[in-house]
Amino acid sequence: FEIAVIIFFVILAGGVAFNTPSPIQFLVSIKEYLFLWSFYLVIAFGLIRERTLDRIWRWLPWLVPLTLPVVIYQHFVVVQERANLGATWDAVVGLFGGDPEGGGASGAMGFFTVFAIVLVISLWRAGCFGRWRAALIVLSGLACIALAEVKFAIILIPIGIALLYSRELLRRPLQSLAVLAVAVGVAFSILAAYQMQFVSGQTREGRSLGAYIDVQIERATATDNIDMRSARMGRLTALKFWSQRHGLEDPVRLLFGHGIGSTRIGTMAVGEVARKYSLWVGTSALAVLLWETGLLGALAFASFLLFGALAARRAARQMAEAVRSWHAALLRALGVGLLLLLLELPYNPDMTGTSAIQLLAILALGYIAAVRRGYVVT
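Residues numbered from 1 in each chain as written. Predicted model: local features only at pLDDT ≥ 70, side-chain atom pairs only at ≥ 80, totals over all residues. Heavy atoms only, no water.

A.B. asks: Report on the pattern of salt bridges, specifying residues and quantitative values.
C.D. replies: In total, this model carries two salt bridges according to the counting rule given. Asp-250 is the partner of Arg-253 in a salt bridge, and the nearest nitrogen-oxygen pair spans 3.7 Å. (Salt bridge = Lys/Arg side-chain N within 4 Å of Asp/Glu carboxyl O.)

Next up, the structure:
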């Protein structure tokens, strides 16, 4: 996966050299691609003690119970205040960033919560986390997701559990299917809570859970969904929009993109693509990567997440779990987390625009690299 990381940054540099973005656009945007990777180098080359790394991962899940009171306040107070402005979407963000005028990193909060749930379950299975402490974090996480309409997080819960129990699915299929059934049941329960809380006045005639799910699937899969008032595109619409404007007649931009920051819409800098189309084309991280780094950049980015996940699972299998079960359990959870991030690329722009999720991925990749180099004693 480290080779894929290097290839990605080489492609990134090539796109910058070819497109020569404005200095302001380059400086404002480079932080989202480069600056946080210093943490990867520090961890991967053993410049942080193993004890410190362990403490980071041990304490990270406790952010979920700390987030719950904030989520409760945002759900019952902030959402109501925003309703007067007509900007209730993504108002429940927990301890992650938000915009008072509408929007926020609710998707990032949802993903982090799912990852924390997967992590504590993995550690609990290995005997490295107490039962009641794990239950507290899991229940707090489910409550956070239930109070915020982060629909993709619901899908990730059973997927994450299935990936975590992938070996048991073959060895003990009945037990594993029972666990998956519980995870799916929890997901549908949260969907039912969403249906009761967030169903709009225009869909009163379809208040059933099935109708709610149909509406959400229709919105998610629409390929012509453009809100001209907010200049926002649907997820598949953004990918279709990119594909319609790139072909073999311009192979350089097809393969290497328009350069970093080309999709940016901000007060300090507006990218070339954003100016040209007057639309927010960066609906998802995949759309941003395709526009800014091209097909090759998006492929390299996805590759280091995939190969990092495979390296984590391989390292966990090779460990003597009876001796250091903590590391094996942590690596299994990190592998699942990276796979879930890979699945999230077409859903939202967290991996290219939310520093907390970027840092989480970088910490995971750095830890895996440290294990492979022997800086973490296994």
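A.B. asks: Help me get a handle on helix H15 (residues 285-318), residues and values and all.
C.D. replies: Given a rise of 1.5 Å per residue, 34 residues ought to cover 50 Å, yet the end C-alpha atoms of H15 are separated by just 33 Å, more than 12% below that figure. At Thr-293, H15 shows its strongest bend, of approximately 125°. (Helix = DSSP H or I, 4+ residues; strand = E, 2+ residues; numbered from the N terminus. Expected span 1.5 Å × (residues − 1). Bend = angle between axes of the 7 residues up to and from the residue.)

A.B. asks: How would you explain the layout of surface pockets if you had to name every residue and give the values?
C.D. replies: One number sums up the size of the second largest pocket: a volume of about 380 Å³. Lining the second largest pocket we find 16 residues, and of these Ile-121, Trp-124, Val-138, Ile-161 and Val-182 sit closest to its centre. Among the elements of the structure, helix H6 (106-125), helix H7 (131-147), helix H8 (151-164) and helix H10 (173-198) are those that each provide at least two residues to the lining of the second largest pocket. No other element matches H7, which puts five residues into the lining of the second largest pocket. (1 Å grid on protein atoms, 1.4 Å probe; cavity = no way out; pocket = protein on both sides within 12 Å on 5 of 7 lines; lining within 4 Å. Points joined across faces, edges and corners; volume = space filled by probe spheres on them.)

A.B. asks: Give a description of the environment of Phe-111 that names residues and reports values.
C.D. replies: In this structure, Phe-111 sits in helix H6. As for Phe-111 and Ile-357, which are separated by 246 residues in sequence, their C-alpha atoms are 8.2 Å apart. When near neighbours in sequence (up to four residues on either side) are disregarded, Phe-111 contacts Leu-156, Gly-337, Leu-340, Leu-341, Glu-344, Ile-357 and Leu-360. (Contact = heavy atoms within 4.5 Å.)

A.B. asks: Explain empty space enclosed by the protein to me, using residue names and the numbers behind them.
C.D. replies: Per the stated rule, a full pass over the model turns up two cavities of 30 Å³ or more. Taken as a whole, the largest cavity spans an internal volume of roughly 140 Å³. Along its surface, the largest cavity is lined by 15 residues, and Glu-32, Trp-37, Phe-301, Met-351 and Gln-358 are the ones closest to its centre. If you list the elements that add at least two residues to the lining of the largest cavity, you get helix H1 (2-19), helix H2 (23-35), H15 and helix H18 (355-373). When grouped by side-chain class, the residues that make up the lining of the largest cavity number twelve nonpolar, one polar and two charged. By volume, the second largest cavity amounts to about 50 Å³. Around the second largest cavity, the lining residues are Phe-111, Phe-115, Leu-334, Gly-337, Leu-338, Leu-341, Leu-360, Ala-361 and Ala-364. Residue assignment for the lining of the second largest cavity shows that the elements contributing at least two residues are H6, helix H16 (325-344) and H18. The element best represented in the lining of the second largest cavity is H16, accounting for four residues. A class-by-class count of the residues in the lining of the second largest cavity yields eight nonpolar, one polar and no charged. (Nonpolar A, V, L, I, M, F, W, Y, C, P; charged D, E, K, R; others polar.)

A.B. asks: So, the packing of helix H4 (residues 50-59) against H18: which residues are in play, and what are the values?
C.D. replies: Running from N to C, H4 and H18 point in directions that differ by 140°, and their axes come no closer than 12 Å. Comparing the axis directions of H4 and H18 gives the class oblique. Crossing handedness for the pair H4 and H18: left-handed. Seen from H4, the contacting residues are Leu-53, Asp-54 and Trp-57; seen from H18, they are Leu-360, Leu-363, Ala-364 and Tyr-367. In the contact of H4 with H18, the residues fall into six nonpolar, no polar and one charged. (Axes fitted to C-alpha atoms, helices over the stretch in contact; angles between N-to-C directions. Parallel < 35°, antiparallel > 145°, perpendicular 65-115°, else oblique. Left-handed = near helix turned anticlockwise from the far one by under 90°.)

A.B. asks: Which residues make up the packing of helix H3 (residues 37-44) against H18, and what values go with them?
C.D. replies: Helix-helix packing is described using two parameters, namely the angle between the two axes and the distance between the axes. Interaxial distance between H3 and H18 falls to 8 Å at its minimum, and their mutual angle equals 20°. In terms of orientation, H3 lies roughly parallel with respect to H18. Every pair of crossing elements has a handedness; the one defined by H3 and H18 is right-handed. Each of Trp-37, Phe-39, Tyr-40, Ile-43 and Ala-44 in H3 lies in contact with H18, whose residues at this interface are Leu-359, Ile-362, Leu-363, Leu-365, Gly-366, Tyr-367, Ala-369, Ala-370 and Arg-373. For the contact of H3 with H18, a count of residues per class yields twelve nonpolar, one polar and one charged.

A.B. asks: Explain a nonpolar patch on the surface residue by residue, including any values.
C.D. replies: Judged by side-chain polarity, Leu-41, Val-42, Phe-45, Leu-47 and Tyr-375 come together as a nonpolar surface patch covering roughly 480 Å² of accessible area. Tracing the backbone through its elements, the reader meets Tyr-375 in the segment after H18. (Patch = residues over 30% accessible without salt bridge, like charges linked within 9 Å, V, L, I, M, F, W, Y side chains within 5 Å. Areas by Shrake-Rupley, 256 points an atom, 1.4 Å probe, with all protein chains shown as cover.)

A.B. asks: Give a description of the nonpolar core that names residues and reports values.
C.D. replies: Counting residues in hydrophobic clusters, the biggest one holds 119 residues, and the most contacted among them are Trp-57, Phe-304, Leu-331, Met-351 and Tyr-367. Sorting elements by how many residues they give to this core places H15 first, with 17 residues. (Core = buried A, V, L, I, M, F, W, Y, C linked by side-chain atoms within 4.5 Å. Buried < 20%, exposed > 50% of the residue type's maximum accessible area, 1.4 Å probe, protein only.)

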